[in-house]
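Overview (structure and organization)
Listed below, chain by chain, are the residues.
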Amino acid sequence: VRALAALAIVASSLAIVAHEPRAQQPPAPPPQQTFRTGTDVVFVDVSVRENGKPVPGLTPDDFVLTDNGVRQRIEHVEATAVPIDLTLVMDVSGNPSSPWMTTKPAAQALAAIQRELDDVTAQLRPEDRVRVIAIDRYTQLLVPFSPPGAARLPKTVEHDGLSALHDTLAAALMHPVEPSRRHVVVARTKGLDTVSAVDASALRGIAEQADALFHIVMMESAMDADMALRGFQCQNMGLCFPTRRFWVPHQRRLFGGGLSHLLTPDGEAVAAGAEATGGALHKTQVILEPTMGRTFRRAFEDFRSSYVLRYTPTGVPRAGWHTIDVRVPGSRRYTVRARRGYGVDVEAPVVPTAKPASLDTLAGLVSAYGEGRYRDVVDALRGAKQPDRLLREFDEGGNPWPAEPRREAVFALELAETPAFSRTAAERERAHALLQRFAQLIRHPLEPDGFELRWHFAVLTLLEGTLRPNDAEAFVSRALARFPNEPRFLLSKAILADQRTVRSPERGAPPPPADAQSPEALFLEAAKHPPTEPEARIRLGFWLHRAGRQADALSQLDAGGATRDSMLLYLRELFRGHVLAALERQDEAADAYRTALSIVPASQAARVALMNTLLLQGDREGAEALAEQVQAESSRDLDPWWVYWQGQLRFQQAAMAALRQMVTP
Amino acid sequence: MKGSRRPVIACAAALAAILVHGNAPAQDPPPTFRSGAAAVTVDANVRNARGGPITGLTAADFEILDNGVPQRVDDLSYGRVPIDITVALDVSYSVTGQLLEQLRRAVTELMRDLRPEDRLRLMLFNMRVSRVTGYTTDVKPVEQAIKTAAAGGGTALLDAVSVALVDASPPDRRQLVVFFTDGSDSSSVTSRDTLSRVAQRARATLTFVMPGGQQVFTSFSGVGAPMTTVRRIGAVPPQQSWFGGLARETGGSVLPVGDGMDLTGTFRRVLNDFRSAYVLYYTARGVEPGGYHTIEVRVKRDGAQVQARRGYFAR
């Protein structure tokens, strides 16, 4: 099934390439390996060597080429000088059986990559391009395709984690190749895979259909070190290989153990895939371990000395797999290497160029979101007449971005925002159900990660804002189960408990859960963490004020904790004013309100509180002047008090922006 | 003059001047007080058992108790003092379409019922309290402001009431504050207790017009609190609600409007009730001058029902 899934991805990517020119109606597309009805042209790279040396000077008549067994007329042969797109795949994954070992700094891992990158780019021409992909738990694009002199590594790389080898190689191979360029993939790996969705046979299928020259370099020294370490661990520490962690679905090795490094069946499959592209799997020769630089040099020389044969397939069905066989009958001593075939997807109907989809529909929203038009989508969703319908269609339609589950999870959050605030219980419940489902889906299989953290935070900021604490409780519990010591999640739990204490004089407060903790205890827990201490103490102070414990409230507000957040500074003074007024210290209360006004000059709440205080003190003129100011205030700034009860909703936009950034390609 | 006794006393002095000099023009200089003179005015609506106004009463028909001590009514006036009306509309939920049109019509009709010397100003509030027009007799800016009112956000009803009650109005004019609201509040910094104390010090009469039985909905703009923590009248009859008590403290009332929403008639009734009040003048004697004074107004007629403010605050 995995192989089928992977092949489906490859097929769809080839189909995109194949149909792109038709949709765009270009004036005269350059020759490329795409297939148009009746005039499909195929290009084949062919390396011809004799005793390891290139054979020059061959003409079309020297070659015999069959397509699915049918001989084809070779229209043109040229020695290649086309620019190269080089993908370097670096394995920076660690030893998953020794996670307790100290990992090397990212800078060290990057320095090793830089050395290999320098070694390779020194051989490239100005018109060539290089990109760098790293193998670890994720496929990390360290450098996008860049000219040789402009390839810059990032400042950090995730490394020494588990390995997603197959997935990364598949991603590297599936890059659509520009018609005027050639694609070479050189991957250096220990051959260990633990977490990929793509297995070795699927990877072979992908390689066979990829339009790339694929070389694999074995990191045999690293493999030996791993083996030695495992032996030591097993014999001396009782930690015998395989030390599988429960969340590791399996470990696959391309190369067998022992000194000979025999290939496992997986290794043989992937090596066959590499050979199908005209590349190879490179092992240690005598004592010389292959390097990326040397491997690429060899591949580059192959390229420079190879021929490009062009032919138009005739006499064979167009769709399906085409096996290519290239021979040079003139000499039996020649070694001829060429790609072994290509695939043509079943022709899809021509899709007329459509107008941009309306943002009233899920399809339109998905399309706009895919284009990064986040603001448009958010505006459309907030104004949606039937947000429930969009949720239902999304639920039923499956992931619109199959290769990007995280983007789907962020989009789900966008969709859930408006229904989460609905007055209709059914709409809210559907939004909650969607978020619950994605809270499961985004769980990293190994350990909580940054994306999951931010996703949970965005959900909590949203649900705190809906002022339905009982509905939000399940989400904060789930978030804390994954991130038990995250201060913002602890604060969220306290805020929800506080929201439950808000009483409507006529309707009462919502009933708390059976295991509900006191807001006081929860705020104190959140106050143990410096990032949330100021806010936790301010909120606790206000809660104590409302509970009638004015001295305790003042103590919490004065303890405060350092912050430069003007909103918190403002709220602290506003609440100090309330507490001091309750303590009949009216002059001090007025001073606190004045301080709050100095922090947020347009604040209506502080101005009204001061107005009330002055009036009750007998200063009618002062109160009247403030009443005038309140009504004449032209600032449209938000009074922080107005969103106090909505907890950390003020962070929601920033949380969503961070998530969008994480899923933007 | 500075002090909480001023609202009632200043108004009383101004009215005394009117009484002495007839219909004194509004631009007359504000009167001054002699030391020790505790002049108080009280608006009193008097109705018969069927709810109709009882007219033609004289000072001798009234009994006033100030902190339980009988007072002599020095004089009274009826319908002669110019009126300032503050109309405050709650735009925290969607007052669009038909409701907005009904409000526009009701307020403009109310303005046409005003006498030449009367004035009206418009306040809109959601979580933000804004005076849209100052006191005016010109219908057009008021009409235009209601037409273009944008709804949304949370509600700072108690803050808006407090601001409206505190806001200055010339002491020689009677002041009526009319709030059109569903009674929801999500964003006020003013507590109920504080607002009650503010109302005791206010000289305006506060009346609420409250839609009942209609679906109140909110739109979330990302800043205002949705109406889940709101304080609403709910199942409590409006007059018995906390708002009813607050209004009665100032001599006002709560007028519910049903699904038929005859807003024009309701607003007209509010004005007529206010206009048909007797303005009683007395000088408090035999009571401590400072602090809160309860007021009880009675009429020596069988079946007569009196609606008047319940007290005032003096320093």
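Now for a look at the structure at hand. (Residues numbered from 1 in each chain as written. Chains lettered and ligands numbered in written order. Predicted model: local features only at pLDDT ≥ 70, side-chain atom pairs only at ≥ 80, totals over all residues. Heavy atoms only, no water.)

**Notes on the overall build of chain A**
Of regular secondary structure, chain A possesses 23 helices and 17 strands. By residue count, 53% of the 665 residues in chain A fall in the buried class. The contacts of chain A with a sequence gap of at least 6 include a subset with a gap of at least 24, amounting to 73%. As displayed, chain A has an accessible area near 29400 Å², and 55% of this comes from carbon and sulfur atoms. (Helix = DSSP H or I, 4+ residues; strand = E, 2+ residues; numbered from the N terminus. Buried < 20%, exposed > 50% of the residue type's maximum accessible area, 1.4 Å probe, protein only. Contact = heavy atoms within 4.5 Å. Areas by Shrake-Rupley, 256 points an atom, 1.4 Å probe, with all protein chains shown as cover.)

**Observations regarding the overall build of chain B**
Of regular secondary structure, chain B possesses seven helices and 14 strands. When burial is assessed residue by residue, chain B has 58% of its 315 residues classed as buried. Relative to all contacts within chain B whose residues are 6 or more apart in sequence, the contacts with residues 24 or more apart total 81%. In the structure as shown, chain B presents an accessible area of about 12200 Å², 48% of it carried by carbon and sulfur atoms.

**Thoughts on empty space enclosed by the protein**
A full pass over the atoms with the stated rule returns six cavities of 30 Å³ or more. By volume, the largest cavity is sized at about 60 Å³. Surrounding the largest cavity, Ala-602, Ser-603, Gln-604, Arg-607, Gln-629, Val-630, Glu-633, Ser-635 and Trp-642 of chain A together with Arg-128 of chain B form its lining. Secondary-structure elements contributing two or more residues to the lining of the largest cavity are helix H21 (604-617) and helix H22 (620-632) of chain A. Looking at the lining of the largest cavity residue by residue, the classes come out as three nonpolar, four polar and three charged. (1 Å grid on protein atoms, 1.4 Å probe; cavity = no way out; pocket = protein on both sides within 12 Å on 5 of 7 lines; lining within 4 Å. Points joined across faces, edges and corners; volume = space filled by probe spheres on them. Nonpolar A, V, L, I, M, F, W, Y, C, P; charged D, E, K, R; others polar.)

**Let's talk about unusual backbone geometry**
Residues and elements named next belong to chain A. One non-glycine residue, Asn-68, lies in positive phi territory at about 50 degrees. With relative accessibility at 34%, the residue Asn-68 sits in the partly exposed group. Even without a glycine there, the phi angle at Glu-584 is positive, about 60 degrees. Its place among the elements puts Glu-584 in the loop between helix H19 (566-582) and helix H20 (586-599). A residue is classified by how much of its surface remains accessible, and Glu-584, at 55% relative accessible area, is exposed.

**Some remarks on the packing of aromatic side chains**
Residues and elements named next belong to chain A. For the structure shown, the criterion picks out 23 aromatic pairs over all chains. When the centroid spacing of 5.5 Å and the interplanar angle of 65 degrees are considered together, the rings of Phe-394 and Phe-411 count as edge-to-face. Here the residue Phe-394 occupies a position in helix H10 (residues 387-397), and Phe-411 occupies one in helix H11 (residues 405-420), the gap between them amounting to 17 residues. No difference in accessibility class separates Phe-394 from Phe-411, as the two residues are buried. Ring pairing ties together the aromatic residues Tyr-369, Tyr-374, Phe-394, Trp-401, Phe-411 and Phe-438, which thus form one cluster. Over the face of the ring belonging to Trp-401 we find Arg-407, whose NZ or CZ atom lies 5.6 Å from the ring centre. (Phe/Tyr/Trp six-rings, centres within 6.5 Å; stacked < 30°, edge-to-face > 60°. Lys NZ or Arg CZ within 6 Å of the ring centre and 35° of its normal.)

**Concerning the pattern of salt bridges**
All names here are of chain A. For the structure shown, the criterion picks out 55 salt bridges over all chains. Between Glu-414 and Arg-660 there is a salt bridge, with the nearest N and O atoms lying 2.6 Å from each other. In this pair, Glu-414 sits in helix H11 while Arg-660 sits in helix H23 (residues 652-663), placing the two residues 246 residues apart along the sequence. The class for Arg-660 is buried, based on a relative accessible area of 14%. (Salt bridge = Lys/Arg side-chain N within 4 Å of Asp/Glu carboxyl O.)

**Overview of the sheet that holds strand S15 (residues 320-327) of chain A**
Residue and element names in this part refer to chain A. One open sheet accounts for four strands, arranged S4-S3-S15-S17; its pairing is antiparallel. Only two strands of the sheet have a single neighbouring strand rather than two, namely strand S4 (70-71) and strand S17 (341-344). Of the pairings in the sheet, the one linking S15 to S17 comprises four bridges and is antiparallel in character. Its bridge partner lying in S17, Gly-320 is registered against Val-344. (Pairing = 2+ DSSP bridges.)

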